[in-house]
Amino acid sequence: MNEVKEALRTVEQHYKLFLQQQFTFIAALQHTRENAHDMIRPVASIGQVQSYMDHYCNNSTDRRILNMFLSICNDLSKLCHKLEAVHPGISTTNGILERCKLLLSHSNDLSTIRAKYPHDVVNHLSCDEAKNHYGGVVSLIPIVLDCMKEWLYHTEKLPRHMLHNAN
């Protein structure tokens, strides 16, 4: 369980660094969308961000920040697998874990999700950007982190004998 907590802390630290560069991330998405001639549809999936980076990214700053986003998503995905290994789950924790996996699926449509208070990532976007283009993609990481913290909260309340590899 300590290993899971440490991994979650590490991802949170990477996310805080990423969050300080949100405007750079939005600018990178804007540049790559322009290069892809894809200005109408919203950035709606991790796979779309990956495709923009692989095929339409022309500068190192954009590549670095897009890669940072994808790396955090990948770390969260690995953490999901660690959470599964720690304990077999009860309906509450299994539901939380399934939501995390669905959100982190490369093809999942994120266009309708929005992070809510206390997260202010969507508030930093203009109304048009938030509603139409980037609200879902900037909301993904804080929502998944909240889900994982909720999973941890429920798991820590379980009797110790229900956990695998507790330490």
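Right, let's walk through the structure included here. Treat the numbers as computed from the prediction; the structure is a model and nothing was measured.

**Brief notes about the packing of aromatic side chains**
The geometry of an aromatic ring pair is captured by the separation of the ring centres together with the interplanar angle, meaning the angle of the planes. One pass over the full model with this rule turns up four aromatic pairs. These aromatic residues form a ring-pair network of at least three members: Y15, F18, F25 and F69.

**Side note on the side chain of S45**
Relative to the elements of secondary structure, S45 occurs in the loop between α2 (22–35) and α3 (46–56). Polar side-chain contacts of S45 include one of 3.0 Å to the backbone nitrogen of Q48. Among residues more than four places away in sequence, those in contact with S45 are H106, S107, N108 and L110.

**Description of the nonpolar core**
What tends to happen in soluble globular proteins is that the nonpolar side chains get buried as a cluster. By size, the foremost hydrophobic cluster in this structure holds 50 residues, and its most contacted members are F25, F69 and L140. For this core, the elements supplying multiple residues, two or more each, are α1 (2–19), α2, α3, α4 (60–86), α5 (91–104) and α6 (127–156). Not counting the four nearest positions on each side in its chain, F25 is found in contact with F18, I65, L66, F69, V137 and V138.

**Comments concerning α3**
Inspection of α3 places I46, Q48, V49, Y52 and M53 among the buried residues, and these make up the whole buried set. Down the axis, α3 shows its buried residues gathered within 170° of arc, on one side only.

**Focus: the environment of W151**
If you trace the backbone, W151 turns up in helix α6. Placed 59 residues apart in sequence, W151 and T92 show a C-alpha to C-alpha distance of 8.1 Å. Sequence-distant contacts of W151, that is, excluding residues within four places in its chain, are made with M1, V4, L83, V86, H87, T93, I96 and L97.

**Considering the pattern of salt bridges**
For the structure on display, the rule yields seven salt bridges. Across the pair E3 and K82 runs a salt bridge, and its minimum N-O distance is 3.5 Å. In this pair, E3 is assigned in helix α1 and K82 in helix α4, connecting sequence segments 79 residues apart. The class for K82 is partly exposed, based on a relative accessible area of 33%. The closest approach of N and O atoms between K101 and E84, which form a salt bridge, is 2.4 Å.

Definitions and limits used
Residues numbered from 1 in each chain as written. Predicted model: local features only at pLDDT ≥ 70, side-chain atom pairs only at ≥ 80, totals over all residues. Heavy atoms only, no water. Phe/Tyr/Trp six-rings, centres within 6.5 Å; stacked < 30°, edge-to-face > 60°. Helix = DSSP H or I, 4+ residues; strand = E, 2+ residues; numbered from the N terminus. Polar contact = N/O pair within 3.5 Å; in protein donor to acceptor, adjacent residues only side chain to side chain. Contact = heavy atoms within 4.5 Å. Core = buried A, V, L, I, M, F, W, Y, C linked by side-chain atoms within 4.5 Å. Buried < 20%, exposed > 50% of the residue type's maximum accessible area, 1.4 Å probe, protein only. Arc of directions from axis to C-beta. Salt bridge = Lys/Arg side-chain N within 4 Å of Asp/Glu carboxyl O.

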